[in-house]
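A structural walkthrough
Residues per chain are reported as follows:
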Amino acid sequence: MIRIYHPDGRVLVLDVVTGLQVGRSVTVAQHPVERGAPVVDHVEPQNDTITFTAKITESPVDPGNMIHVLEDLTGPDRIQATADFLRDCVGELVDVISPERGLTFEDCLLVTYPHEFSIVRASPFTLQFVIPRLVDTEFASI
């Protein structure tokens with residue numbers, strides 16, 4: 001089970017996760033010299049990504065004693081609450097946690113999510129998060 005924590009305290013518990021992929025990549029910096037031949041002088045790490053396919057069902061799945069946004073909802077209301085929650089996550093730094101898999105990803109940005117769900121017994125969808133490298137800056141007056 002994957003849980004998505006919004007900064008305002010709300011939690012979305014996904015019913016079923018059918019696939020999970022963590023992506024890491026780098027970009028090779030190439031600079032031409034003399035006759036335009038590319039020369040590699042360093043690599044630039046890209047932000048990590050998390051992509052997973054999941055399902056929200058019309059029937060509640062018991063996540064234990066956790067209070068979450070789908071609590072006490074059934075049918076199409078569960079699907080709509082999921083869509084609303086994901087829309088609210090855009091532009092926010094959210095945490096994606098799967099205690100069963102031992103995965104914790106903090107400060108993730110949601111970049112791919114479904115804009116519409118088909119209302120069926122189980123709505124499959126794909127979510128993708130980017131884990132940005134955050135930098136703290138300070139100013140000092142001299």
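Before reading on, note that the structure itself is shown above.
Residues numbered from 1 in each chain as written. Predicted model: local features only at pLDDT ≥ 70, side-chain atom pairs only at ≥ 80, totals over all residues. Heavy atoms only, no water.

Here the structure, examined in full by the defined rule, presents 5 salt bridges. Of the charged contacts, one joins Arg-78 and Asp-15 as a salt bridge, the two residues approaching to 2.8 Å between their closest N and O atoms. Separated by 63 residues along the polypeptide, Arg-78 in helix H1 (residues 76-89) and Asp-15 in the loop between strand S2 (11-13) and strand S3 (16-23) bring together distant segments of the chain. Each member of the pair Arg-78 and Asp-15 is classed as buried. Salt bridges sharing common partners tie together Asp-8, Arg-10 and Asp-88. (Salt bridge = Lys/Arg side-chain N within 4 Å of Asp/Glu carboxyl O. Helix = DSSP H or I, 4+ residues; strand = E, 2+ residues; numbered from the N terminus. Buried < 20%, exposed > 50% of the residue type's maximum accessible area, 1.4 Å probe, protein only.)

Now for a nonpolar patch on the surface. A cluster of nonpolar side chains, contributed by Val-26, Val-28 and Val-43, occupies part of the molecular surface with about 230 Å² of accessible area. Given the relative accessible area of 46%, Val-43 is considered partly exposed. (Patch = residues over 30% accessible without salt bridge, like charges linked within 9 Å, V, L, I, M, F, W, Y side chains within 5 Å. Areas by Shrake-Rupley, 256 points an atom, 1.4 Å probe, with all protein chains shown as cover.)

Let's shift gears to the nonpolar core. Counting residues in hydrophobic clusters, the biggest one holds 27 residues, and the most contacted among them are Ile-4, Leu-14, Phe-52, Leu-86, Leu-127 and Phe-129. Once residues within four sequence positions are removed from consideration, Leu-127 is found in contact with Ile-4, Leu-14, Ile-50, Thr-51, Phe-52, Leu-86, Leu-110, Thr-112, Tyr-113 and Pro-114. (Core = buried A, V, L, I, M, F, W, Y, C linked by side-chain atoms within 4.5 Å. Contact = heavy atoms within 4.5 Å.)

For the rest of this paragraph, the subject is unusual backbone geometry. Even without a glycine there, the phi angle at Asp-72 is positive, about 65°. Mapped onto the elements, Asp-72 comes out in the loop between strand S6 (48-57) and H1. Of the residues examined, Asp-72 reaches a relative accessible area of 73% and is grouped as exposed. The backbone phi angle of Asp-107 is positive, close to 55°, even though this residue is not glycine. You can see Asp-107 is positioned in strand S8 (residues 103-112).

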